[in-house]
Amino acid sequence: GRHFLSVEDMSDDDVMAIIERGCQFKAGDTPRVEPGHVAINMFFENSTRTMISFQMAEHRLGMKVLDFDPGHSSVTKGESLYDSVRTVDAIGAEVAVIRHSTNRYYDYLLSTGMLGLSVVNGGDGSGQHPSQCMLDLMTIAEEFGHIDGLTVAISGDIAHSRVARSDAQILARLGANVVFTGPREWMDHDVTRLGTMATLDEVISDVDVAMMLRVQHERFDAGPDFSATDYLQAFGLTDERAERMKPTAIIMHPAPVNRGCEISGHLVEAPSSRIFEQMGNGVMVRMAILEQVLRARETQ
Ligand code: CP
């Protein structure tokens, strides 16, 4: 479609098309869109990977990229998200990649029918992170050649994680066995109903993918008693747990990583870690997403 908002809007074929196109770009395929389309990246929550890899994807598609920094914009004078997006639309942006702390911020943006530009969701609150989901799925599919039948542990702060929400929805739909581990108070039935719950110790020797999530201190107060060392021992990927993984199993993490909290620091660079491959694949799937959005606009 002309927007890219949530994995809930995507069919299995839509998902596979993005992953396959991401793999084609990685193999060197050239874009199937005219150069010169105009993008703007509006990140109201901080980002390193998502914002910079969208920038890279836009450049590789020959797009022109406008700058937007909320801290130096008229948002500081009270301008709303809606008025900000209508403004960049009026100025000529064709695609706005938006990250915002409000879940489903895009519903209101699109409800008036006044926007000509396409919205690409770079993450909404604890809602969805659909481009992260595509890069995670591409990384898993590249590794194993399939998704169906794999056992994927998603570990940690499930309730606050838009990555867990998007990934679990698509992994379950594509036939993976999803297991959630972590503190019981960080589970959310809305997500955990998509799989089963266990401790990391119970499942670590069976998993194909250990997907560790960041403890998101900006979304909740873990309390003065929170100890990274204690969390690692109780719920994280320690060296001892990593040694019990199958030789074919891989470690993933959306990053940024709290080294020594959800994962033992040096495991980030272990041979079985795909954390930096995930970031590289992020550029490829974001090229695929933007190409698909631009092509949908061309055919309207
Ligand atoms: N994985 C991810 O979304 O990272 P950033 O917050 O740095 O974009």
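Above this text is the structure in question.
Here's what I pulled together on the structure shown here. (Residues numbered from 1 in each chain as written. Predicted model: local features only at pLDDT ≥ 70, side-chain atom pairs only at ≥ 80, totals over all residues. Heavy atoms only, no water.)

**Some words on the packing of aromatic side chains**
Turning to step 1, where the next piece is worked out: As enumerated under the stated definition, the model contains six aromatic pairs in all.
Turning to step 2, where the next piece is worked out: Ring geometry for Tyr105 versus Tyr106: centroids 5.4 Å apart, planes at 75 degrees, classification edge-to-face. Here the two residues Tyr105 and Tyr106 agree in accessibility, since each one is buried.
Turning to step 3, where the next piece is worked out: Relative to Phe235, the ring of Tyr231 has its centre 5.4 Å away and its plane inclined at 45 degrees; by these criteria the two rings are tilted. (Phe/Tyr/Trp six-rings, centres within 6.5 Å; stacked < 30°, edge-to-face > 60°. Buried < 20%, exposed > 50% of the residue type's maximum accessible area, 1.4 Å probe, protein only.)

**Here we look at the site of the ligand**
Turning to step 1, where the next piece is worked out: Neighbouring residues of the ligand: Ser47, Thr48, Arg49, Thr50, Arg99, His129, Gln132, Pro254 and Ala255.
Turning to step 2, where the next piece is worked out: Take Arg49: an N or O atom from its main chain is 3.0 Å from an oxygen atom of the ligand.
Turning to step 3, where the next piece is worked out: Look at the ligand: alone it shows 250 Å² of surface, and the protein chains cover 90% of it.
Turning to step 4, where the next piece is worked out: At a threshold of 2 Å from the grid points, most atoms of the ligand map onto the largest pocket.
Turning to step 5, where the next piece is worked out: Residue composition of the shell around the ligand, by class: two nonpolar, five polar and two charged.
Turning to step 6, where the next piece is worked out: Counting residues domain by domain, the shell around the ligand receives three or more from each of domain 1 (7-128 + 279-298) and domain 2 (130-276). (Near = heavy atom within 4 Å. Polar contact = N/O pair within 3.5 Å; in protein donor to acceptor, adjacent residues only side chain to side chain. Areas by Shrake-Rupley, 256 points an atom, 1.4 Å probe, with all protein chains shown as cover. 1 Å grid on protein atoms, 1.4 Å probe; cavity = no way out; pocket = protein on both sides within 12 Å on 5 of 7 lines; lining within 4 Å. Sits in = over half its atoms within 2 Å of the grid points. Nonpolar A, V, L, I, M, F, W, Y, C, P; charged D, E, K, R; others polar. Domains from an automatic or database assignment.)

**Observations concerning the side chain of Arg241**
Turning to step 1, where the next piece is worked out: Position of Arg241 relative to the elements: it lies in helix α10 (residues 239-243).
Turning to step 2, where the next piece is worked out: Within the structure, Arg241 has its side chain in polar contact with the side chain of Asp201 (distance 2.9 Å).
Turning to step 3, where the next piece is worked out: In terms of polar contacts, Arg241 uses its side chain to reach the backbone carbonyl oxygen of Gly236, at 2.7 Å. (Helix = DSSP H or I, 4+ residues; strand = E, 2+ residues; numbered from the N terminus.)

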